[in-house]
Amino acid sequence: MAAENKIVNRMNTGIVGLDEMLYGGIPEGNQILIAGDAGTGKTLMSFEMLYRNANINIPSTFVTLEEGRKSLLENVKGAFSYFDNIDDLVENNTISISEQTAMSAFRSKESWQTFIVGINRVLKENNSKILVVDSLAPLRPLAEDDRTFTRAINQMIENFRNLGITSIINMETSSMNLTEVSGLYGTFMFDGIIRLGTFYMEGSFQYLVTVVKMRRSNHKNSSMPFEITPKGLNVFR
Ligand SMILES: Nc1ncnc2c1ncn2[C@@H]1O[C@H](COP(=O)(O)OP(=O)(O)OP(=O)(O)O)[C@@H](O)[C@H]1O
Ligand SMILES: [Mg+2]
């Protein structure tokens, strides 16, 4: 393990096998992109990170842009049937679920600022240490072009970075290029990228996770298969 790994504090994801890939977890204050095709586990992976941390009393916020709060909760409880205290953690606000509507976000420069300030306010309410934004996809068609979108996302990420919060930002993407995200000029604003995908093996689809980059940290460079189980994600070692 590189010496630099000893000086950064890490947020354990709590996901079996993933922390090993990350040599302990995500460096605190990092801004992480989880990119992957539809249905590759972005929502479930990011929710499980919040859930595992909530169980050790680390408060967080899950901003849902793709689906309503009720539908999100039904999905995660359906997939993770062994997580029997999700409702408790949501009710006591350890995991704050914030339903945001994308529609108004790009009406003007001011409305994007208002959108960001709105998230900041929610983060403050329960002193969140981790944030999930699920996902950027509904925002993209509302921005005029890639340039406007990239600038807006960069501004949002810099705002989170200044707050010192560890963020997990999900984005749907179909590009085969590991660091390319359609609609964004670059991924320079992210400290880390986790790529989710699927491949076809022995007659069925298999989930795959790759840690593409992680600033201030060492990480495994290989892609590892994982499964989605009622007890949580399981990254094979
Ligand atoms: N109850 C369940 N048991 C097992 N697997 C499930 C269950 N519910 C969902 N899944 C699997 O989890 C995957 C979806 O995960 P998730 O919703 O996290 O993906 P996503 O990347 O967020 O997708 P999207 O791009 O649609 O938002 C699906 O492929 C589905 O097969
Ligand atoms: Mg999703």
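Residues numbered from 1 in each chain as written. Chains lettered and ligands numbered in written order. Predicted model: local features only at pLDDT ≥ 70, side-chain atom pairs only at ≥ 80, totals over all residues.

*Asks:* I'd like a description of the overall build of the protein, backed by residues and values.
*Replies:* In terms of helices and strands, the protein carries 7 helices and 11 strands. Counting only C-alpha atoms and orienting by the principal axes, one finds that the protein spans roughly 50 × 45 × 40 Å. Every one of the 237 residues in the protein was classed for burial, and the buried ones make up 39%. (Helix = DSSP H or I, 4+ residues; strand = E, 2+ residues; numbered from the N terminus. Buried ≥ 20, exposed ≤ 12 C-beta atoms within 10 Å, placed from the backbone.)

*Asks:* So what about unusual backbone geometry? Which residues, and what values?
*Replies:* Glycine aside, the phi torsion of most residues is negative, and most peptide linkages are trans. The step from Asp134 to Ser135 runs through a cis peptide bond, and the omega angle for that step is -5°. Tracing the backbone through its elements, the reader meets Ser135 in the loop between strand 6 (130-134) and helix 7 (146-163). In this structure, Asn57 takes a positive phi of about 65° despite not being glycine. Examined against the element boundaries, Asn57 turns out to sit in the loop between helix 3 (42-54) and strand 4 (60-64). Looking at Asn57, the number of C-beta atoms within 10 Å reads 8, which means it is exposed. Not every positive phi belongs to a glycine, and Glu202 is a case in point at roughly 50°. If you trace the backbone, Glu202 turns up in the loop between strand 8 (192-201) and strand 9 (204-214).

*Asks:* Tell me about the packing of helix 6 (residues 109-125) against helix 7, and name the residues and values.
*Replies:* The N-to-C vectors of helix 6 and helix 7 enclose an angle of 25°; their axes lie 11 Å apart at closest approach. In terms of orientation, helix 6 lies roughly parallel with respect to helix 7. Note on packing geometry: the crossing formed by helix 6 with helix 7 is right-handed. Of the residues in helix 7, those touching helix 6 at Trp112, Ile116, Asn120 and Leu123 are Ala152, Met156, Asn159 and Leu163. The class makeup of the residues in the contact of helix 6 with helix 7 is 6 nonpolar, 2 polar and no charged. (Axes fitted to C-alpha atoms, helices over the stretch in contact; angles between N-to-C directions. Parallel < 35°, antiparallel > 145°, perpendicular 65-115°, else oblique. Left-handed = near helix turned anticlockwise from the far one by under 90°. Contact = placed C-beta atoms within 7 Å. Nonpolar A, V, L, I, M, F, W, Y, C, P; charged D, E, K, R; others polar.)

*Asks:* Can you break down the sheet that holds strand 11 (residues 232-235) residue by residue, with the values?
*Replies:* Reading across from one edge, 5-4-6-7-3-8-9-10-11 is the order of the 9 strands in this open sheet, with mixed pairing throughout. Either end of the sheet is taken by a strand with one partner, and the two such strands are strand 5 (95-99) and strand 11. Taking the axes of each pair of neighbouring strands and ignoring which way they run, one obtains an average angle of 25° across the sheet. As judged from the 4 bridges shared by strand 10 (residues 223-229) and strand 11, these two strands associate in the antiparallel manner. Bridge pairing in strand 11 places Phe226 opposite Val235. Running at roughly 135° to strand 5, helix 4 (residues 69-79) makes contact with strand 4, strand 5 and strand 10 of the sheet. (Pairing = 2+ DSSP bridges.)

*Asks:* Lay out the site of ligand 1 in plain terms, naming residues and giving numbers.
*Replies:* Taken together, 13 residues form the shell around ligand 1, and within it Ala38, Lys42, Thr43, Leu44 and Ala79 come nearest. Only helix 3 and helix 4 provide two or more residues apiece to the shell around ligand 1. The element best represented in the shell around ligand 1 is helix 3, accounting for 3 residues. (Near = placed C-beta within 6 Å.)

*Asks:* Quick one: what's the story with helix 6, residue by residue and with numbers?
*Replies:* With 17 residues, helix 6 extends 25 Å from end C-alpha to end C-alpha; this agrees with the ideal 24 Å at 1.5 Å per step. The complete set of buried residues in helix 6 reads Trp112, Phe115, Ile119 and Leu123. An end-on view of helix 6 places all buried positions within 80° of arc, on one side of the element. Projecting away from the buried face of helix 6 at angles above 90 degrees are the exposed residues Glu110, Ser111, Val117, Arg121, Lys124 and Glu125. Buried positions along helix 6 lie against strand 4, strand 6 and helix 7. Downstream of helix 6 by a residue or two, Asn127 has a phi angle that is positive, lying close to 55°. (Expected span 1.5 Å × (residues − 1). Arc of directions from axis to C-beta.)

*Asks:* Just give me the short version of the environment of Ile15, but keep the residues and values in it.
*Replies:* Relative to the assigned elements, Ile15 resides in the loop between strand 1 (10-11) and helix 2 (18-21). Once residues lying within four places of it in the same chain are set aside, the contact partners of Ile15 are Met45, Glu48, Met49, Arg52, Gly232, Leu233 and Val235.

*Asks:* Let's hear about the pairing of strand 9: which residues, and what values?
*Replies:* Relative to strand 9, strand 8 runs antiparallel, the two being bridged by 10 bridges. When the sheet's bridge partners are listed, Leu196 is paired in strand 9 with Val209. Two successive antiparallel strands, strand 8 and strand 9, enclose a turn made up of 2 residues, where Glu202 displays a positive phi of approximately 50°.

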